Amino acid sequence: MALSFASIEQAAQSLLLEPCMIKAVVDVESSGSGFLSDGRVKILFEGHVFWKQLKSRGIDPAELAKDPANAGILYPKWTKKHYRGGSGEWERLELARSINNEAALCSASWGLFQIMGYHYQICGYNNVVDFVAGQASSEEEQLLSFCNFMRSQNLDGFLAKKDWAGFAERYNGKGYKANNYDTRLASAYAECLG
């Protein structure tokens, strides 16, 4: 079931934000839907994060990257050249899971708000498997995770001030300008206001 605007309003009230600020994040991060048409949660797999996640578990990603089959899921620096979008991201995730399940789940962003799996704890979960199950359960659960994430990272203040660039840098990383996250957020906010 799609997230209702009433739920967005309630979450916005709890964060002391305007509902259209949260709606803008939803529109920019996931085009307004936390699930694919086949019912699976929307994800984006990040091979450079998988690289770091494996290293942190004592697994040598450079050795695994020598296998040509892993070229699309293991690389040391961010690039979007391996993105497939939609169900193609699930194919990438499944390949990564065959190497290390936990590291793979931590290396994808999930749902309406595209929160990385490695943020599971600050989103209110004990482990990444529970986080993934929560994201897969409903857009309401994805919204709850977002609210927890916002509070834990003190990001609500940036949205409240309409500091789109400040929010985008902290939410999407220093390369946010390359994808125009800040201007897209401002536009989505204005469109929501009508």
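Per chain, the residues get numbers from 1 upward, laid out in the order the sequence is written. The model is predicted, so local features are restricted to residues of pLDDT at least 70 and side-chain atom pairs to those at 80 or more, both for listing and for counting; the totals for chains, interfaces and linings are taken over all residues. The basis for the side-chain values is all heavy atoms of the structure; hydrogens and waters are excluded.

A. How the structure looks around the environment of Arg 184. By definition, any uninterrupted DSSP run of H or I lasting at least four residues is a helix, any uninterrupted run of E lasting at least two residues is a strand, and each is numbered from the N terminus. For Arg 184, the position within the fold is in helix α11 (residues 181-193). Judged by its relative accessible area of 34%, Arg 184 is partly exposed. Separated by 165 residues in sequence, Arg 184 and Pro 19 place their C-alpha atoms 16 Å apart. Here, two residues are considered to be in contact whenever any of their heavy atoms come within 4.5 Å of each other. In this view, Arg 184 contacts Val 28 and Asn 179; residues no more than four positions away in its chain are not counted. Definition of a polar contact: a pair of N or O atoms within 3.5 Å, with one able to donate and the other able to accept a hydrogen when the atoms are protein atoms, and with sequence-neighbouring residues admitted only if both atoms are side-chain atoms. A distance of 3.0 Å separates the side chain of Arg 184 from the backbone oxygen of Asn 179, its partner in a polar contact. Residue burial is assigned from relative accessible area. The probe radius is 1.4 Å, only protein chains are included, and a residue is buried under 20% of its type maximum, exposed over 50%, and partly exposed in between.

B. Quick look at the packing of helix α2 (residues 19-30) against helix α10 (residues 164-172). With their axes 13 Å apart at the nearest point, α2 and α10 run at an angle of 50° to one another. Here α2 lies oblique to α10, going by the angle between them. Remark: the crossing between α2 and α10 carries right-handed chirality. Listed contacts from α10 to Met 21, Val 25 and Glu 29 of α2 are Trp 164, Phe 167, Tyr 171 and Asn 172. When the residues that make up the contact of α2 with α10 are grouped by side-chain class, the tally is five nonpolar, one polar and one charged. All axes are obtained by fitting lines to C-alpha atoms, using only the stretch in contact for helices, and the reported angles, taken between N-to-C directions, cover 0 to 180 degrees. An angle below 35 degrees is read as roughly parallel, one above 145 as roughly antiparallel, one from 65 to 115 as roughly perpendicular, and any other as oblique. Should the near helix be turned counterclockwise from the far one by less than a right angle, the crossing is left-handed, whereas a clockwise turn marks it as right-handed. Classification convention: Asp, Glu, Lys, Arg as charged; Ala, Val, Leu, Ile, Met, Phe, Trp, Tyr, Cys, Pro as nonpolar; all other residues, Gly among them, as polar.

C. Representation of the layout of surface pockets within the structure. In this analysis a 1.4 Å probe is tested at points of a 1 Å grid over the protein atoms alone, and where it fits but cannot get out there is a cavity; an open set with protein on both sides within 12 Å along at least five of seven lines is a pocket; lining residues have an atom within 4 Å of a point. Grid points are joined across faces, edges and corners, and a volume is the space filled by probe spheres set on the points. Of the volumes computed, that of the largest pocket is approximately 1,000 Å³. Lining the largest pocket are 40 residues, and of these Leu 44, Glu 46, Ser 109, Asn 172 and Tyr 181 lie nearest its centre. Looking at the lining of the largest pocket, the elements that each hand over two or more residues are α2, β1 (43-45), α3 (47-56), β3 (115-116), α8 (139-153), α10 and α11. Grouping the constituent residues of the lining of the largest pocket by class yields 17 nonpolar, 14 polar and nine charged.

D. Structural view of the packing of aromatic side chains. To pair, rings of Phe, Tyr and Trp, with the six-membered ring standing in for Trp, must have centres within 6.5 Å; the planes then decide the type, stacked if under 30 degrees apart, edge-to-face if over 60, and tilted in the middle. If you walk through the whole model with that rule in mind, you get eight aromatic pairs. Note on Phe 45 and Phe 50: the rings are 5.5 Å apart at their centroids and 65° apart in plane angle, and the pair reads as edge-to-face. The exposure class assigned to Phe 45 is buried, which follows from its relative accessible area of 0%. A centroid spacing of 5.8 Å and a plane angle of 80° characterise the contact between Trp 90 and Trp 110, whose relative ring orientation is edge-to-face. Here Trp 110 lies in strand β2 (residues 108-110) and Trp 90 lies in helix α5 (residues 87-97), a separation of 20 residues in the sequence. This pair shows no difference in class: Trp 90 is buried, exactly as Trp 110 is. Grouped by ring-pair contacts, the aromatic residues Phe 113, Phe 146, Phe 149, Phe 167 and Tyr 171 constitute a single cluster.

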